[in-house]
Amino acid sequence: MPGQVIAGNAGILVTRVIYVKHGEAKNFVIIDAAMSDLIRATLYEAHHDIIPVVQPAAGTPQMIADVVGPVRESGDDLALDCALPEPGDLLAIMTSGAYGAVQAGTYNTRPLVPEVLVKGDQAAVIRPRLDVEAPIALDKAAPWL
């Protein structure tokens, strides 16, 4: 669908690297984004390119790693066996525009990510991140309790 192609390619999920775990058999890049922010990889085994926001120097060696979120569920994988340089602070998960915010949820009381609209050198927060108290405030006790 043309709209899906346009919207999907227009969106990028920017995430912070929390930790890089080097193992004997596998490497893991743990990020602050999770399956609750972009569930498409978990639901459909869909591929999203993941690139460093700050591009490394040419010839920088690459590693193979699983890029995983902090939810600690078996499906909290945003990419498996991803080739990327030793990541810096920020990663960009590409083609997430048609699938990020519209499929996002507050699983485990994780607040929704903010949305930023960018035009050239201008940026505006068009949906702020709500604090964790906002979704909790929606819960009400039954009147008989």
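Coordinates for the structure precede this section.
Residues numbered from 1 in each chain as written. Predicted model: local features only at pLDDT ≥ 70, side-chain atom pairs only at ≥ 80, totals over all residues. Heavy atoms only, no water.

Colleague: Any chance you could explain the overall build of the chain here in plain terms?
Modeller: Assigned secondary structure in the chain consists of three helices and eight strands. Start at the N end of the chain and walk to the C end: the helices and strands fall as α-β-β-α-β-β-β-β-β-β-α. Principal-axis analysis of the C-alpha atoms places the extent of the chain at approximately 65 × 40 × 30 Å. Out of the 145 residues in the chain, the part that is buried amounts to 32%. Excluding contacts between residues fewer than 6 apart, the proportion of contacts in the chain whose partners are at least 24 apart in sequence is 63%. (Helix = DSSP H or I, 4+ residues; strand = E, 2+ residues; numbered from the N terminus. Buried < 20%, exposed > 50% of the residue type's maximum accessible area, 1.4 Å probe, protein only. Contact = heavy atoms within 4.5 Å.)

Colleague: Which parts of the structure should I look at to understand the nonpolar core?
Modeller: General note: in soluble globular proteins, nonpolar side chains tend to be found buried as a group. Within the largest apolar cluster, 19 residues are counted, with the highest numbers of intra-cluster contacts made by Val29, Ile31, Ile50, Val67, Leu91 and Ile93. The biggest single contributor to this core is strand 5 (residues 77-85), with four residues. Not counting chain neighbours up to four residues away, the residues in contact with Ile50 comprise Val67, Leu78, Ala79, Cys82, Leu91, Ala92 and Ile93. (Core = buried A, V, L, I, M, F, W, Y, C linked by side-chain atoms within 4.5 Å.)

Colleague: Would you mind showing me how to read the layout of surface pockets here?
Modeller: The rolling of a water-molecule-sized probe over the atoms marks out the regions of remaining empty space. By volume, the largest pocket is sized at about 850 Å³. Lining of the largest pocket is provided by 30 residues; of these, Ile12, Leu13, Pro114, Glu115 and Val116 occupy positions nearest its centre. If you list the elements that add at least two residues to the lining of the largest pocket, you get helix 1 (2-10), strand 1 (13-22), strand 6 (90-93), strand 7 (115-119) and strand 8 (122-127). Across the lining of the largest pocket, the residue classes tally to 18 nonpolar, five polar and seven charged. Approximately 220 Å³ is the volume found for the second largest pocket. (1 Å grid on protein atoms, 1.4 Å probe; cavity = no way out; pocket = protein on both sides within 12 Å on 5 of 7 lines; lining within 4 Å. Points joined across faces, edges and corners; volume = space filled by probe spheres on them. Nonpolar A, V, L, I, M, F, W, Y, C, P; charged D, E, K, R; others polar.)

Colleague: Even after reading the chapter, I still don't get the sheet that holds strand 3 (residues 50-52), so can you show me in this structure?
Modeller: Backbone hydrogen bonds are what pair the strands of a sheet, in a parallel or an antiparallel way. Reading across the sheet, the six strands line up as 3-6-1-2-4-5 and stay open at both edges, with mixed pairing between neighbours. Both edges of this open sheet fall to strand 3 and strand 5, since each of them pairs with a single strand only. Between one strand and the next, the sheet's axes are offset by a mean angle of 40°, whatever the strand orientation. Sheet topology places strand 1 next to strand 2 (residues 27-31); five bridges connect them, and they run antiparallel. Across the sheet, residue Val17 finds its bridge partner in strand 2, namely Ile31. (Pairing = 2+ DSSP bridges. Axes fitted to C-alpha atoms, helices over the stretch in contact; angles between N-to-C directions.)

Colleague: Explain the pattern of salt bridges to me, please; I cannot follow it from the model alone.
Modeller: Close approach of charged atoms allows side chains of opposite charge to pair. All chains considered together, the criterion is met by four salt bridges. As a salt-bridge pair, Asp66 and Lys26 come within 3.2 Å of each other at their nearest N and O atoms. One end of the pair, Asp66, is in strand 4 (residues 62-68); the other, Lys26, is in the loop between strand 1 and strand 2, with 40 residues separating them in the sequence. Asp66 gets classed as buried once you look at its relative accessible area, which sits at 6%. Among the ionic contacts, a cluster of salt bridges with common partners joins Lys26, Asp66 and Asp81. (Salt bridge = Lys/Arg side-chain N within 4 Å of Asp/Glu carboxyl O.)

Colleague: Help me out: how do you make sense of the environment of Pro128 in this one?
Modeller: Take Pro128: it is sitting in the loop between strand 8 and helix 3 (133-137). Residue Pro128 is classed as exposed on the basis of its relative accessible area, which comes to 51%. When the C-alpha atoms of Pro128 and Pro114 are compared, they prove to be 4.6 Å apart, with 14 residues separating the residues in sequence.

Colleague: It is not clear to me how a nonpolar patch on the surface should be interpreted in this structure. Could you clarify?
Modeller: Together, Ile12, Val14, Val53, Val54 and Leu90 make up a nonpolar patch on the protein surface, roughly 430 Å² of accessible area in all. Tracing the backbone shows Val54 in the loop between strand 3 and strand 4. The exposure class of Val54 is exposed, given its relative accessible area of 69%. (Patch = residues over 30% accessible without salt bridge, like charges linked within 9 Å, V, L, I, M, F, W, Y side chains within 5 Å. Areas by Shrake-Rupley, 256 points an atom, 1.4 Å probe, with all protein chains shown as cover.)

This is a description of form; function is not addressed.
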